[in-house]
Structure formats: structure tokens, C-alpha cells
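# Chain and residue survey
So you can see what is in the structure, the chains are spelled out below.
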Amino acid sequence: QVQLVESGGGLVQAGGSLRLSCAASGRTFSWYAVGWFRQAPGKEREFVAGIRWSGGSTDYADSVKGRFTISRDNTKNTAYLQMNSLKPEDTAVYSCAADQRRLSRSPDAYGYWGQGTQVTVSS
């Protein structure tokens, strides 16, 4: 079992930055791939970024590539999502997810989820 808790969300103006954190407890976090997903009102959950257990491989949705950076510090059992040049269309609830299987863009591939943190970008 892995428990995940997100933090760092908030209200920011367009063009601004936020850093989300995903703190893990329970089993060895370093064994797990981590994904960040977001869900805006009335829309389906979508993949944002993912990172392999070793941190050596990352993946990004085209909509955030070049603006967002995913990273992890396994010594702190924490994954991060640095979000720069934020746009109003980035407004959503952001959730992190973890699983021992390989990095995936599908939310169905992840067995453990945090509760989510709200990110609101004003124009």
C-alpha cells in the first residue's frame, strides 16, 4: 500500500508558476512509477506527466511539454510537478498516482491515487 498526498495548488495569474508536490508513505516509493493527471469540470481525467521509478525516463502530454517538468526525490519519497507559463486552460484538479508497473498515460494503469489539489489560473 502507498498513500499519496498532493500539495502546492492554488490560484495564480496566467504566466505564473506553481510547484505541486506528491508525498508518499507506505511501501518503498522508489519502486513506483508516478503520474500526474488533471481533471477540469465537465471533462475527463487526462494525463499530464509521468516519471519512471528511477527518474531516468519522463513523459509529457503535448499540451504541457516545454512548460511543465516532473521530477522526484526518492530520498524524500516525494514527486514534483513544476508548472511554468501557466494558462487558464491549465485550471483543473491535479492528482498524482503511483504504481509498480511501468510508466503509462492511462489512469487505469495506476493503483494508488492522492486526493488531488486545485489549480486555478486566472486570465
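Residues numbered from 1 in each chain as written. Predicted model: local features only at pLDDT ≥ 70, side-chain atom pairs only at ≥ 80, totals over all residues. Heavy atoms only, no water.

### Quick word on the side chain of D90
Looking at the element boundaries, D90 is found in the loop between β8 (78-83) and β9 (92-99). A polar contact is formed between the side chain of D90 and the side chain of R38, at a distance of 2.9 Å. With residues near it in sequence (within four places) discarded, D90 still touches R38, R67, F68, S85, V119 and V121. (Helix = DSSP H or I, 4+ residues; strand = E, 2+ residues; numbered from the N terminus. Polar contact = N/O pair within 3.5 Å; in protein donor to acceptor, adjacent residues only side chain to side chain. Contact = heavy atoms within 4.5 Å.)

### A few points about the state of the cysteines
On inspection of all chains with the given rule, the structure shows one disulfide. C22 shares a disulfide with C96; S-S distance 2.1 Å. With the S-S bond torsion at 70°, the cross-link from C22 to C96 turns out right-handed. Of the two residues, C22 is situated in strand β3 (residues 18-26) and C96 in strand β9; the sequence distance between them amounts to 74 residues. Judged by relative accessible area, C22 falls into the buried class, the value being 0%. (Disulfide = S-S within 2.5 Å. Buried < 20%, exposed > 50% of the residue type's maximum accessible area, 1.4 Å probe, protein only.)

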